[in-house]
Amino acid sequence: MDTIFFLVLRRMRTPLLTLIVVYAIAMAGLALIPAQDAEGHPTAMSLFHAFYFVSYMSTTIGFGELPNAFTDAQRIWVALSVFSTVAVWIYAIGNLITLLQDSTLQRAIAERRFRTRVRRLADPFYLVCGYGQTGSALVRGLMDRHIQSVVIDVDPERINLLQLDNQREYVPSLCADARSPHALEAAGLKHPLCRGVVALTNVNEANLKIAIAAKLLHPEVKVICRADSHEIEANMASFGTDHIYDPFDAFAAYIAFSIQSPCQTLLIDWLSGRGGEELNEPRYPPRHGRWVICGYGRFGKAMYKHLKAQGFALSVIEAEPHKTGIPTEGVVHGRGTEAVTLEQAEIRQAVGLVAGTDQDADNLSIIMTALTLNPDLFVIARENHIQNQELFDRVGAQSIMNPSTIIAHRIRMRLITPLLSDLSRLARLRRDEAWASQLISRIIALVEGRKPYVWEVTIDATQAPAILEAERRRQAITLETLLRDPLERERLLPAIPLLLIQGQEQRPLPALDVPIGLGDRLLFCGREEARRRMDWVLCNIHALRYVTDGASPREGPVWRQLADWLGRLRDEKITTTKRME
Amino acid sequence: MNPEKVVFGFFIVLALTLNFGFFVGEIDNPNHHHAWELFFVVIVNMIATVLKFGDRTQMGAVLLATSLVAMLQLLAASLIWTIAVHTTETGMTPSVMASIVSLSGGAMIANVVSVVLLVIETVLLRR
């Protein structure tokens, strides 16, 4: 900003100098030329009056000839100086206005404002680099949970879009290249409350550079990156990037997992969705048979790898196999949009189709052609642009892969409910379908056709002060206590404890009689109002006392002392009566 | 020779000399201090101030500061003059003249500092 200030001053130098000189000449002339007063006596115009006259002459306000009517000599001088002073005045003002509209100055002012806003942030925040489809979905997801984010994007249009979007909370945003450490620092990378940096730009190298800058400038910060290629992914992992998401690989792994265990997939889907959406039906991808993969690019390769690992027979269709490489099965040459190529790839005998080219029109055409040839196909579609959502919804694909949504989904889950990621990992390790389907039926009974709301509770001074207080009084708190309704303790809240972390131990679906202590972390799912009621129990000692033993005693500090004193009196009375007996 | 430096030095020194010219004489005698002289002191000082705009060095900052001080004092002096002559019944009195001249004296000290700084800078440059 200082630079800009000096720049403005420097650029204002010539206009100001001309203004001063021209004013001085006009004033001097007026004051030197003999004037007349009202009666016609010769007099001189004072410098003050000359200044007064020139100021309203040059700004073309023109009040008339003051203080007296001018002589002809004065009028000649004024006629000359009108042109020069007016021109110079317009020149100076015009110059100043141009300077204010200067894009460099505007950007500097915007950056300065952004810096101050970021510096004043009082809540933990995440720095999101790249406000494309993924970034905007992530910022919205974070805002749903009242988590602050700060956005950098290189495209001014996207930043305008963010400012136009009617956001519930204020999101500081800056139009800058996130590759420059200066911009990252302005966005609060070194801010003590910066929890994490999320690099979501569509340029791999930019993401890499952001990750490096974040790790060097603020090593404690969590770094989450999107990477579209394996080399970049390995590179990022090599210097300790915390989480790297490759949308294609993530989706392929997800499909492979859903082939093995559809129930668990459904469970994780429900839990990681946004609470309140309608529940979706489970999908059962075919377990045996031939899959046809159209497009052997990044997505096609990921699907090929994961489906191959499941032991499926595969045929691959690719228009430019010399560029993408050829799998061991060989490749059918073509785009897959024509019936001939699809038939060459034995579409009539296949059970599944992956439409995975990077052109949405091609993918839609492939699906429509393939479904006329074989209506029983299980179709996986790659959706490259979110605008085409409606078309993909209608084309009849069972599973739609949109890279941005997948990444946003995963990162949101990782940032808001990290325990859910732990749970899904545990579930994946167990591979226990019965366990999952049992849990699914419990959730269905609980939430009435809507996706459950998932939340985390950490037993500490900020989230659960009442529990701390109870622990100080050596009152035992169990999980069941937390799940009781503070309005009516006989009733249980509509929530299911999913995971309990005590120290190193992870307990999925903990029993209700488990004691809860300081530092425990819990993951719940259920209806949203259950969370509000539970917060009440966690924060309010009266509510906690009521749900533990049904009593609602006097709990204010004065009342507590009074109760102690009364109790002591009663004890004394009892002992004296006993002694008397 | 840098023509910009010539102009710069010229105006700074001219500001001081004109200022001195206005300042000398009996402090409360209006005949010793002329309005036109004050007018030119103000104009030249203004030009000197604007010339100092936009210099990012430490020396530039101090030079600008001294000029701003001089401007402040001179504008105050001309304001007092205008008010005394045009708005009061008594017009110019020796006591008003004394305060105008003392204000311009203050401005002169600021201008002296300016010139001294300019000389120091030049000497440092030569070395």
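Keep in mind that what you see is a predicted model, and the values were worked out from it rather than measured.

## Here we look at the sheet that holds strand 14 (residues 399–401) of chain A
Residues and elements named next belong to chain A.
Reasoning step 1: Sheet architecture is open: six strands sit in the order 11-10-9-12-13-14, paired in parallel fashion. Here the strands that pair on one side only, and so sit at the sheet edges, are strand 11 (332–333) and strand 14.
Reasoning step 2: Note that strand 10 (residues 313–318) and strand 11 share two bridges and pair parallel. The residue of strand 11 that forms the bridge with Ile-317 is Val-332.
Reasoning step 3: Packed onto the sheet, helix 13 (residues 298–309) meets strand 9 (290–294), strand 10, strand 12 (352–355) and strand 13 (378–382) and runs at close to 170° relative to strand 10.

## Brief notes about the UniProt feature "transmembrane region" (unreviewed entry) in chain B
All names here are of chain B.
Reasoning step 1: When the UniProt feature table is mapped onto this chain, "transmembrane region" (unreviewed entry) is found at residues 7–24, 36–54, 61–84 and 96–120.
Reasoning step 2: Helix makes up 94% of residues 7–24 and strand 0%. Its end C-alpha atoms lie 26 Å apart.
Reasoning step 3: As a span, residues 36–54 carries 84% helix and 0% strand, and end to end its C-alpha atoms are 30 Å apart.

## Some details on helix 23 (residues 528–539) of chain A
Residue and element names in this part refer to chain A.
Reasoning step 1: Compared with the 16 Å implied by 1.5 Å per residue over 12 residues, the 17 Å span of helix 23 between its first and last C-alpha is a close match.
Reasoning step 2: Ala-530, Arg-533, Met-534 and Val-537 are the residues of helix 23 that are buried. End-on, the buried residues of helix 23 take up no more than an arc of 100°, which puts them together on one face. Seen from the open side of helix 23, the exposed residues pointing more than 90 degrees away from its buried face are Glu-529 and Arg-532.

## What to know about the UniProt feature "transmembrane region" (unreviewed entry) in chain A
Reasoning step 1: Here, UniProt's "transmembrane region" (unreviewed entry) annotation points to residues 16–35, 47–64 and 76–100 of chain A.
Reasoning step 2: End C-alpha atoms of residues 76–100 of chain A are separated by 37 Å, and the span's content is 100% helix alongside 0% strand.

## Some details on the nonpolar core
Reasoning step 1: By size, the foremost hydrophobic cluster in this structure holds 47 residues, and its most contacted members are Leu-127, Val-128, Cys-129, Ala-187, Val-197, Val-198 and Ile-210 of chain A.
Reasoning step 2: Taken together, domain 2 (121–245) and domain 3 (250–278 + 408–448) of chain A each give at least three residues to this core, which thus spans both.
Reasoning step 3: Not counting the four nearest positions on each side in its chain, Val-197 of chain A is found in contact with Leu-127, Cys-129, Leu-189, Ile-210, Ala-214, Val-221 and Val-223 of chain A.
Reasoning step 4: By size, the runner-up hydrophobic cluster in this structure holds 45 residues, among which are Met-27 of chain A together with Phe-22, Val-50 and Leu-51 of chain B.

## Describing the sheet that holds strand 18 (residues 521–526) of chain A
Residues and elements named next belong to chain A.
Reasoning step 1: Reading across from one edge, 15-18-16-17 is the order of the four strands in this open sheet, with antiparallel pairing throughout. Two strands lie at the open edges of the sheet, namely strand 15 (453–458) and strand 17 (505–508), each paired on one side alone. The mean inter-strand angle of the sheet, taken between neighbouring strand axes irrespective of direction, is 15°.
Reasoning step 2: With six bridges joining them, strand 15 and strand 18 adopt antiparallel strand pairing. Pairing of Thr-458 across the sheet is with Arg-521, part of strand 18.
Reasoning step 3: Here helix 19 (residues 418–430) sits on the sheet in contact with strand 15, strand 16 (495–502), strand 17 and strand 18, set at roughly 90° to strand 16.

Cut-offs and rules
Residues numbered from 1 in each chain as written. Chains lettered and ligands numbered in written order. Predicted model: local features only at pLDDT ≥ 70, side-chain atom pairs only at ≥ 80, totals over all residues. Pairing = 2+ DSSP bridges. Helix = DSSP H or I, 4+ residues; strand = E, 2+ residues; numbered from the N terminus. Contact = placed C-beta atoms within 7 Å. Axes fitted to C-alpha atoms, helices over the stretch in contact; angles between N-to-C directions. UniProt positions renumbered as here; feature names shortened; annotations may be inferred. Expected span 1.5 Å × (residues − 1). Buried ≥ 20, exposed ≤ 12 C-beta atoms within 10 Å, placed from the backbone. Arc of directions from axis to C-beta. Core = buried A, V, L, I, M, F, W, Y, C linked by C-beta atoms within 7 Å. Domains from an automatic or database assignment.

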